[in-house]
Amino acid sequence: MIVVLLGAPGAGKGTQAKRIEAARGFRHVSTGDLLRGAVGEGTELGILAGKYMDAGSLVPDDVMLGLLNALLDRGSQGAGVILDGFPRTVPQAKALDHLLEDRGEKIYRVIFLDIKREDAVERLSSRVSCPKCGSIHNLATSLPRADGSCDACGGPLFRRPDDEPEKIERRFEQFQSETHATIEYYRSQGRLDTVDSGRSIDEVREAIDEILDRNSGPQAAG
Ligand code: AMP
């Protein structure tokens, strides 16, 4: 079962994807985390992708599709896969449909986490994450331990370089110009559920659970 989470930067895709992973045994695939891992390891992909990420731009579609292909090829999917951060463009969305069709699979549900820009910017400016376990902390709402380390694993917390104010602006522009059209692509096909993501983490989680439990058959109308 494949579930896609879409939303602007700061909408809570990573936070909710981790919860779905823990609660339902889905494999959480975050293309952003994978790319950051590749940048950290200094691989060929990391060197290429890092230039775009540093600028707050999208990594080109052909690079992303190669990455996704390799991911879907890799081992068991468990109870399902939750895609966080992919697709972000209409060509990526179309390519994903074709890729899955070739494999006899399809997307179960696309969930759009909708948030007001000012709320998202506020979240991003107080967000820190743990590179060791991937936990996301918001300094405004959930203070980490006194020594500034991660509650979950004790790892060091850091602010993502693309969460700097001018990078945030650029990422929102990308969202408006590219990802918004992706959302419309799914909406026009009746495959989209929208969740108000400006609410608390638990309220958003409940809304997502309700969607996943409601859609007992693939491709239920939205
Ligand atoms: P995220 O962690 O999802 O916010 O992604 C961080 C950065 O990784 C983005 O700003 C892009 O530069 C890059 N990235 C992640 N996923 C994609 C994608 N599907 N297409 C293009 N670039 C991506």
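Residues numbered from 1 in each chain as written. Predicted model: local features only at pLDDT ≥ 70, side-chain atom pairs only at ≥ 80, totals over all residues. Heavy atoms only, no water.

Q: Could you give me a rundown of the overall build of the protein chain, with the residues and numbers involved?
A: A tally of regular secondary structure across the protein chain gives 8 helices and 7 strands. For the protein chain, the C-alpha radius of gyration of 17 Å lies close to 17 Å, the compact-globule estimate for 222 residues. If one aligns the C-alpha atoms of the protein chain with their principal axes, the spans along those axes are about 50 × 40 × 35 Å. Sorting the 222 residues of the protein chain into buried and exposed places 45% on the buried side. For the protein chain, long-range pairs separated by at least 24 residues make up 71% of all intrachain contacts whose partners lie at least 6 apart in sequence. As displayed, the protein chain has an accessible area near 10800 Å², and 52% of this comes from carbon and sulfur atoms. Positive and negative charge centroids in the protein chain, built from 29 and 35 side chains respectively, lie 1 Å apart. (Helix = DSSP H or I, 4+ residues; strand = E, 2+ residues; numbered from the N terminus. Rg over C-alpha atoms; globule rule 2.2 N^0.38 Å. Buried < 20%, exposed > 50% of the residue type's maximum accessible area, 1.4 Å probe, protein only. Contact = heavy atoms within 4.5 Å. Areas by Shrake-Rupley, 256 points an atom, 1.4 Å probe, with all protein chains shown as cover. Lys, Arg positive; Asp, Glu negative; His and termini not counted. Charge placed at Lys NZ, Arg CZ, Asp CG, Glu CD.)

Q: Could you give me a rundown of the confidence of the model for the protein chain, with the residues and numbers involved?
A: For the protein chain, mean pLDDT is 87; residues scoring 70 or higher make up 93% of the total. Counted against residues more than four places away or in other chains, residues 217–222, with its pLDDT under 50, gives 16 contacts. (pLDDT = per-residue confidence, 0-100.)

Q: Give a detailed account of the environment of Thr179, specifying residues and quantitative values.
A: Among the secondary structure elements, Thr179 is positioned in helix H7 (residues 165–188). Overall, Thr179 belongs to the buried group, its relative accessible area being 5%. Each C-alpha atom of the pair Thr179 and Thr43 lies 27 Å from the other, and the pair is 136 residues apart in sequence. In this view, Thr179 contacts Arg88 and Gln174; residues no more than four positions away in its chain are not counted.

Q: How would you sum up the nonpolar core? Please name residues and give values.
A: Among the nonpolar cores identified, the biggest contains 51 residues, and Leu83, Leu96, Ile111 and Tyr186 are the most heavily contacted of them. In contact with Ile111, not counting residues within four places along its chain, are Val3, Val4, Leu5, Leu6, Asp193, Val195, Ile208, Ile211 and Leu212. (Core = buried A, V, L, I, M, F, W, Y, C linked by side-chain atoms within 4.5 Å.)

Q: I'd like to hear about the site of the ligand, residue by residue, with values.
A: Around the ligand, a shell composed of 16 residues is seen, among which Thr31, Arg36, Ser57, Gly85 and Gln92 lie nearest. With respect to the ligand, the backbone of Ser57 contributes an N or O atom lying 2.6 Å from an oxygen atom. Within the backbone of Val59, one N or O atom sits 3.0 Å away from a nitrogen atom of the ligand. In isolation the ligand offers 480 Å² of accessible surface; the protein chains occlude 96% of this area. Of the residues assigned to the shell around the ligand, the class counts are 6 nonpolar, 5 polar and 5 charged. (Near = heavy atom within 4 Å. Polar contact = N/O pair within 3.5 Å; in protein donor to acceptor, adjacent residues only side chain to side chain. Nonpolar A, V, L, I, M, F, W, Y, C, P; charged D, E, K, R; others polar.)

Q: Just give me the short version of the packing of helix H1 (residues 13–24) against helix H8 (residues 201–214), but keep the residues and values in it.
A: Axis separation between H1 and H8 bottoms out at 11 Å; the angle between their running directions is 55°. With respect to H8, the element H1 is oriented oblique. Considering the relative orientation of H1 and H8, their crossing is right-handed. Contacts between H1 and H8 pair Thr15, Gln16, Arg19, Ile20 and Arg24 from the former with Ile201, Asp202, Val204, Arg205, Ile208, Asp209, Leu212 and Asp213 from the latter. Residue composition of the contact of H1 with H8, by class: 5 nonpolar, 2 polar and 6 charged. (Axes fitted to C-alpha atoms, helices over the stretch in contact; angles between N-to-C directions. Parallel < 35°, antiparallel > 145°, perpendicular 65-115°, else oblique. Left-handed = near helix turned anticlockwise from the far one by under 90°.)

Q: Any details on the sheet that holds strand S1 (residues 2–7)? Residues and values, ideally.
A: The 5 strands lie next to each other as S2-S3-S1-S4-S7, forming an open sheet whose pairing is parallel. Of all strands in the sheet, those bounded by a partner on one side alone are strand S2 (27–30) and strand S7 (192–196). Taken pair by pair, the neighbouring strands of this sheet meet at an average axis angle of 20°, ignoring direction. In the sheet, S1 pairs with strand S3 (residues 81–84) via 4 bridges, with the strands oriented parallel. Bridging from a neighbouring strand, Ile2 pairs with Val81 of S3. (Pairing = 2+ DSSP bridges.)

Q: I'd like a rundown of the packing of aromatic side chains, residues and numbers included.
A: Inspection of the entire model under this criterion finds 1 aromatic pair. Aromatic pair Tyr185 and Tyr186: ring centres 5.2 Å apart, planes at 70°, arrangement edge-to-face. For Tyr186, a relative accessible area of 0% puts it in the buried group. (Phe/Tyr/Trp six-rings, centres within 6.5 Å; stacked < 30°, edge-to-face > 60°.)

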